[in-house]
Amino acid sequence: MEDLSLHILDIVENSVSAGAKNVEIVVSENRPRDLLRIEISDDGKGMNPAAVAHATDPFYTTRTTRKVGLGLALLEEAAKMANGSMDIHSVPGIGTKVIAIFQHSNIDRKPLGDMAATIVMLVAGSPDVEFTYRYEHDGYTFTFQTKEIRAQLRGLEMNSPDTLSFIREYITEHTVSLS
Amino acid sequence: MAKLKIEDLDRIAEEARSKMTIREGAGKARITVHMGTCGIAAGARAIMSAFLDEIKAHNIKDVIITTSGCAGLCSREPMATVEFGNQAPVKYVDLTDEKARKIFKEHVLGGKFVMEYALSVGSERIR
Ligand SMILES: Nc1ncnc2c1ncn2[C@@H]1O[C@H](COP(=O)(O)OP(=O)(O)O)[C@@H](O)[C@H]1O
Ligand SMILES: [Mg+2]
């Protein structure tokens, strides 16, 4: 994966596959503390402790289309490369939280990349899921919620190209000058 | 320039009403971009963005763009499937931004398959 926003897309896809109705993505960049933190929480079906223990093993997957699962292993590798780590907390029937931290200034830390495009792709694929994206940057906070868009649709579909283009521009405009 | 506000959706919904249909009698088009870890790593998101750009630039309605999970053909990613109404779906493989834009113009707008990028026509339905 080229950048962190692509890892996030992949990890949130796990949440969607696990039947989540609500997914929250928090990215915080804290340069004074030299940290970049990604937290993804969902209310999907969760994993038991044994499944959590196996989840970062590339040869473990519950999917049937391919023999290896990679997404979590790749994110963990990206975090470790940047002097960070990844943690998974999960409770069956309640949900899952994946936290990855990175040393912000580390030369091997991947750039955040295009979070607007990531959110758009998630909404296009799962228009009924409520996504929240919070971006914290040295004290500034921007929050995007599909719930707010949904309340303002006026006959547009959540996943219509018009809505998706709006979401892309909206998130880009509100975050681009910050990083 | 003032930043977009959620309320700007009102104007976008209004403008959407005056958009053009693709072609007389063509019906709705559905573009499915395949994801999965391999698809994402290979560039599926850029393919979605290219299609979205084209839809916006041509000011048309009646196209829906969606995603699907891993199609099990990781070496041919990025992939996308184009479907029209009751016609057989066409699966395109090894996509790039330029190929996606060409598929949009020739197949979605023009109604003609782009044979050189197609893996198969109608071999399976993607849902
Ligand atoms: N948010 C989640 N909720 C429930 N199960 C999960 C979640 N994320 C990952 N898993 C489990 O961990 C496995 C490995 O995930 P991942 O590394 O992304 O590979 P893949 O999605 O290709 O299987 C998944 O198959 C799934 O069983
Ligand atoms: Mg996965």
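What comes next concerns the included structure. Residue numbers here run from 1 along each chain, matching the order of that chain's written sequence. Note on labels: chains are lettered from A, ligands numbered from 1, in written order. This being a predicted model, a pLDDT of at least 70 is required before a residue's local features are given, and a value of 80 or more before pairs of side-chain atoms are given or counted; all residues contribute to the totals for chains, interfaces and linings. Based on all heavy atoms of the structure, the side-chain values leave hydrogens and waters out of the count.

A word on the overall build of chain B. In DSSP terms, a helix is any run of H or I states spanning at least four residues, a strand is any run of E spanning at least two, and both are numbered starting from the N terminus. When you go through chain B residue by residue, the secondary structure sums to four helices and five strands. When the helices and strands of chain B are read in sequence order from the N terminus, they spell out α-β-α-α-β-β-β-α-β. Principal-axis analysis of the C-alpha atoms gives chain B an extent of 45 × 35 × 25 Å. Only protein chains enter the accessibility calculation, which uses a 1.4 Å probe. A residue is then buried if its area is under 20% of the maximum for its type, exposed if over 50%, and partly exposed in between. The buried share of chain B, taken over its 127 residues, is 47%. Long-range contacts, defined as pairs at least 24 residues apart, comprise 70% of the intrachain contacts of chain B with a sequence gap of at least 6. Computed by Shrake-Rupley with a 1.4 Å probe, the accessible areas treat only the displayed protein chains as cover when residues are assessed. Summed over all atoms, the accessible surface of chain B reaches about 6,100 Å², with 50% contributed by carbon and sulfur. Note on definitions: a residue-residue contact is assigned when non-hydrogen atoms from the two residues lie within 4.5 Å.

Residue and element names in this part refer to chain A. Side-chain atoms within 4.5 Å link the members of a nonpolar core, which is a set of buried Ala, Val, Leu, Ile, Met, Phe, Trp, Tyr and Cys residues. One finds Ile25, Phe102 and Tyr133 to be the most contacted residues of the largest nonpolar core, which totals 87 residues. At eight residues, the largest contribution of residues to this core is made by helix H4 (residues 115-125). With near-sequence residues (within four places) excluded, Tyr133 lies in contact with Ile25, Val27, Leu112, Met115, Ile119, Phe142, Thr143, Phe144 and Ile171.

Below, the discussion takes up the packing of aromatic side chains. Residues and elements named next belong to chain A. In summary, the pairing rule links any two rings of Phe, Tyr or Trp, Trp by its six-membered ring, whose centres are within 6.5 Å, and it sorts them by plane angle into stacked for under 30 degrees, edge-to-face for over 60 and tilted for everything else. Applying the stated rule across the entire model yields four aromatic pairs over all chains. Ring centres of Phe142 and Tyr170 lie 5.9 Å apart, and the angle between their planes is 50 degrees; this geometry places the pair in the tilted category. Placement of Phe142 in strand S6 (residues 140-145) and of Tyr170 in helix H6 (residues 161-175) is noted, with a sequence separation of 28 residues between them. For the pair shown, Phe142 and Tyr170 are each scored as buried. Grouping aromatic residues by their ring pairs yields a cluster made of Phe142, Phe144, Phe166 and Tyr170.

Just geometry here; none of it tells us what the structure is for.
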